[in-house]
Amino acid sequence: MGSIYSPTTKPYVSKPQLSTLRGSSPLHRKPMFYLGILLTAGLLGLIVFLIVYFTMSEGRERLSYGKLHIVSRNEWQAKPPTDEGTPLHHPVPYVLMLDTDTTNCSTKLECIPLVRYTQNCHIHNKGWNDIGYSFLLGGDGNVYVGRGWDTEGEFLDGYNNRSIGISFIGTFGTNSPAKKQMNAGKRLIEKGIQLGKISPDFKLLTQQQFSLADF
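Owing to the predicted nature of the structure, the values given are computational and were not obtained by experimental measurement.

Novice: Teacher, can you tell me more about helix H3 (residues 108-125) here?
Specialist: Within an α-helix, residues lying three or four positions from one another point in the same direction, as the helix has 3.6 residues per turn. The end-to-end C-alpha separation of H3 is 25 Å, in line with the 26 Å expected for 18 residues at 1.5 Å each. Among the residues making up H3, those that are buried are Cys111, Ile112, Leu114, Val115, Thr118, Gln119, Cys121, His122 and Ile123. Buried residues belonging to H3 abut strand E4 (135-137) and strand E5 (142-145). Where H3 ends, the next residue or the one after it, glycine 127, has phi of about 75°, a positive value.

Novice: When you look at the nonpolar core in this model, what are you seeing that I'm missing?
Specialist: One recurring pattern in soluble globular proteins is that nonpolar side chains are buried together. Met97, Leu137, Val143, Ile164, Ile166 and Leu188 are the most contacted members of the largest nonpolar core, which has 21 residues in total. Counting residues per element, the ones that place at least two in this core are strand E2 (68-71), strand E3 (92-99), E4, E5, strand E6 (163-168), helix H4 (179-194) and strand E7 (198-206). The element that contributes the greatest number of residues to this core is H4, accounting for 4 residues. If sequence neighbours within four positions are ignored, leucine 188 has contacts with Leu68, Phe135, Leu137, Val143, Trp149 and Ile166.

Novice: Any chance you could explain the state of the cysteines here in plain terms?
Specialist: All chains considered together, the criterion is met by 1 disulfide. In this model, cysteine 105 is linked to cysteine 111 through a disulfide, with the two sulfur atoms separated by 2.1 Å. The sign of the S-S torsion, about 95°, decides the handedness of the disulfide formed by cysteine 105 and cysteine 111: right-handed. Note on cysteine 105: relative accessible area 8%, which makes it buried. The exposure class of cysteine 111 is buried, given its relative accessible area of 0%.

The rules we used
Chains are numbered independently. Their residues run from 1 in the order of the written sequence. The predicted origin of the model limits local features to residues at a pLDDT of at least 70 and limits the giving and counting of side-chain atom pairs to 80 or more, whereas totals for whole chains, interfaces and linings rest on all residues. With hydrogens and water set aside, each side-chain value is computed from the structure's full complement of heavy atoms. Runs of H or I in DSSP of at least four residues are treated as helices and runs of E of at least two as strands, each being numbered from the N terminus. For a helix, the expected span equals 1.5 Å multiplied by the number of residues minus one. Exposure classes here rest on a 1.4 Å probe applied to the protein chains alone. A residue is buried below 20% of its type maximum, exposed above 50%, and partly exposed in between. Contact definition: two residues touch when any of their heavy atoms are within 4.5 Å. We call a set of buried residues a nonpolar core when its members are Ala, Val, Leu, Ile, Met, Phe, Trp, Tyr or Cys and they connect through side-chain atoms within 4.5 Å of each other. The rule for a disulfide is simple: a pair of cysteine sulfur atoms within 2.5 Å.

The following block contains the structure:
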């Protein structure tokens, strides 16, 4: 059987396009290859930086005493006090347990707005220089720093200069706080004694009738 091509017909061969030749040439591939490596390396470097930065920030903002977790003022985005306050002399003979008279919370996402709301009420409604409590206990088991160990609080006349005021976030007229809150309160008081901020033979006063055996 004869060829399908006639003697005078040449087979059609498409001419390579210039762009195809350029793209396949090693001389043109190398710059793009190196650029891709640089972009990838830069992206990975940025990711590593962000991970390290936020991990270190979390470590700076969140202290831990064993199972006691402290949420700093920076972490709950506290407003700065309007004045420095009065230094508290240690060890104090009293610990006052109160509540914020707000809704309850069970996660940090829920608790932080309530702490900020409490600070706003104390500053703008009561005319105080800061949130009144030394510490607040969330239903998430975290301890939120108010005025801390070293500054007098504002929660009960006659006791502000000789007590640490600890407030449960929520309202507990008839019900007791969550177990996580009770445990956090117990550990906080123990830590206060260890630090020399609370007298070992302190007296506990409560706003409501919480069981003293829990502390």
